[in-house]
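So you can see what is in the structure, the chains are spelled out below.
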Amino acid sequence: MSSPTTGGPGLDQARRLVTEIPGPRSRELAARRAAAVPAGVVSGQPVFAAAAGGGVLVDVDGNSFIDFGSGIAVTTVGNSAPRVVDRAVDQLHRFTHTCFLINPYEEYVAVCEALNRLTPGDHPKRTALFNSGAEAVENAVKYARAATGRPAVVVFDHAYHGRTLLTMAMTAKNTPYKKDFGPFAPEVYRAPMAYPYRSAGGELAALRDLIDVQIGAENVACVVVEPIQGEGGFVVPAPGFLPGVADLCRERGVLLVADEVQTGFARTGDLFACEHEGIVPDLITTAKGLAGGLPLAAVTGRAEIMDAVHAGGIGGTYSGNPAACAAALGVIETIEAQNLVERARTIGARFRSRLTALHHPVIGEVRGRGGMIAVELVEPGTTTPNPAAVAAVIRYCQERGLLVLSAGTYGNVLRFLPPLVIPDHLLDEGLDLLSDAFAAL
Ligand SMILES: *Cc1c(COP(=O)(O)O)cnc(C)c1O
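Residues numbered from 1 in each chain as written. Predicted model: local features only at pLDDT ≥ 70, side-chain atom pairs only at ≥ 80, totals over all residues. Heavy atoms only, no water.

Under an unreviewed UniProt entry, the chain has the name (S)-3-amino-2-methylpropionate transaminase and belongs to Cryptosporangium aurantiacum. Word for word, the UniProt comment on the chain under Cofactor (unreviewed entry) is "pyridoxal 5'-phosphate". (UniProt positions renumbered as here; feature names shortened; annotations may be inferred.)

Here's what the structure looks like:
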């Protein structure tokens, strides 16, 4: 069958398999890929995309998959969402690039105004734009160092902050992110995370010790934390941990950086995950959900911190690309117009009730918030990680037309990040398939 040439919400919202998976056209492209793309770049799913929108991704053979991944929490408003496409296309027709460092444009300023208004805290703020989550995290550290005059950066076990030199050092997991790529950037220190399923408590005391005794508070620029850890396995910190971290930072003049690259933009049932426990970070990084798939990232922070960097110290050729900025304005409109914050909560409740009802012996924990839900799989009767069960569930789903992602330091977490515009019938059909996948283990 012929492939659709346009995506967006107009795509037939149905799961449909018309070939084996992967189909002949995907296999043909995989062979070309193997000869042209290096082995270090891998894809979790074997099918090449042709179109996507609403709650489905259609491959080059005409198979239509239910999407529980959103390209890793990026297409929160759906793929090719009309407001995103219309604004980006209109912008592309006017100009594709000037470089904001040469000729500024209104769309960049409008995105910064929106982020200053929408992020937690009512203090004066400024925003600077970048291309990727890692670049935003790197720049948040630059701001924190410049504003405090201190070198050290504190991060957590299970953290993921990116793959550039500094953010690799900040990321916890060696394989695949860091293996063979050292030496790493200095002055990065790691504290234990309050991971209720796996940790015993005492993490705040350990953080205090690390800062006061091992590094010396006067040397610490910032603590960087994901309010819900993403790649680390959707670890929701124990209640009270994040407010405790915020207090500890404030008492020592250490800046608190919330890395909301994965949690931001309605994903967790709040516009930002920090809001759940009422913490107000000094700096916040955003990216994935920000521009509906166009590359855009941001650092938003207290005006006095953001203005501490010398003129010309921050920037990049493509940072804040005009089409990406236009897309971000379309994302923000879509979240408001379709009430996607509320929708994330409904989706979360639906996932949670179905997943907790499974009572399968490999399920160690169901956790997450809003449209960011995970199940951690273990060997029955233990807390020993069970990555083989995760791989089996993903394979079962993939062969039947459901896209599911893994995560976790131990590779033993299934994570669900559906586009928040997914229709209920696809949500339920996907959950039925998941339930079958567990039954088949
Ligand atoms: C994905 C991610 C990053 C890195 O973003 P890239 O755009 O891939 O560089 C940083 N922090 C968190 C929390 C992420 O989930």
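Q: Please clarify how the layout of surface pockets should be interpreted in this entry.
A: The gaps of empty space that remain are located by a probe, the size of a water molecule, rolled over the atoms. Each pocket or cavity is described by its volume, and for the second largest pocket that value is around 320 Å³. What lines the second largest pocket is a set of 19 residues, among which Y108, T127, A128, Y143 and I314 lie closest to the centre. With five residues, the top contributor of residues to the lining of the second largest pocket is strand β4 (residues 125-130). Classifying every residue of the lining of the second largest pocket gives 10 nonpolar, seven polar and two charged. (1 Å grid on protein atoms, 1.4 Å probe; cavity = no way out; pocket = protein on both sides within 12 Å on 5 of 7 lines; lining within 4 Å. Points joined across faces, edges and corners; volume = space filled by probe spheres on them. Helix = DSSP H or I, 4+ residues; strand = E, 2+ residues; numbered from the N terminus. Nonpolar A, V, L, I, M, F, W, Y, C, P; charged D, E, K, R; others polar.)

Q: Before we go on, may I ask you to explain the sheet that holds strand β11 (residues 363-369) in this structure?
A: Strand order in the open sheet formed by four strands is β11-β12-β15-β14, with antiparallel pairing between adjacent strands. Only two strands of the sheet have a single neighbouring strand rather than two, namely β11 and β14 (405-407). On average, adjacent strands in this sheet sit at an angle of 25° to one another, irrespective of strand direction. Relative to strand β15 (residues 413-416), strand β12 (residues 372-377) runs antiparallel, the two sharing four bridges. Across the sheet, the residue bridging to I373 is F416, located in β15. Each of β11, β12 and β15 touches helix α11 (residues 340-356); the most contacted strand, β11, lies at about 170° to it. (Pairing = 2+ DSSP bridges. Axes fitted to C-alpha atoms, helices over the stretch in contact; angles between N-to-C directions. Contact = heavy atoms within 4.5 Å.)

Q: In this structure, what is going on with empty space enclosed by the protein? I would like to understand it.
A: All told, the structure shown has two cavities of 30 Å³ or more when counted by the stated rule. Roughly 70 Å³ of internal volume is contained in the largest cavity. Every residue along the wall of the largest cavity is listed here: H158, A159, Y160, A172, K173, Y177, E231, G232, G408 and T409. When grouped by side-chain class, the residues that make up the lining of the largest cavity number four nonpolar, four polar and two charged. Lining of the second largest cavity is provided by T119, P120, H123, K125, P281, D282, L283, I284, T300 and G301.

Q: Teacher, can you tell me more about the site of the ligand here?
A: Around the ligand, the neighbouring residues are S132, G133, A134, Y160, H161, G162, E226, D259, V261, Q262 and K288. Here a nitrogen atom of the ligand and a backbone polar atom of Y160 are 3.4 Å apart. Within the side chain of D259, a nitrogen or oxygen atom sits 2.7 Å from a nitrogen atom of the ligand. Within the complex, the protein chains bury 82% of what would otherwise be the 390 Å² of accessible surface of the ligand. Here the shell around the ligand is built from residues that sort into three nonpolar, five polar and three charged. (Near = heavy atom within 4 Å. Polar contact = N/O pair within 3.5 Å; in protein donor to acceptor, adjacent residues only side chain to side chain. Areas by Shrake-Rupley, 256 points an atom, 1.4 Å probe, with all protein chains shown as cover.)

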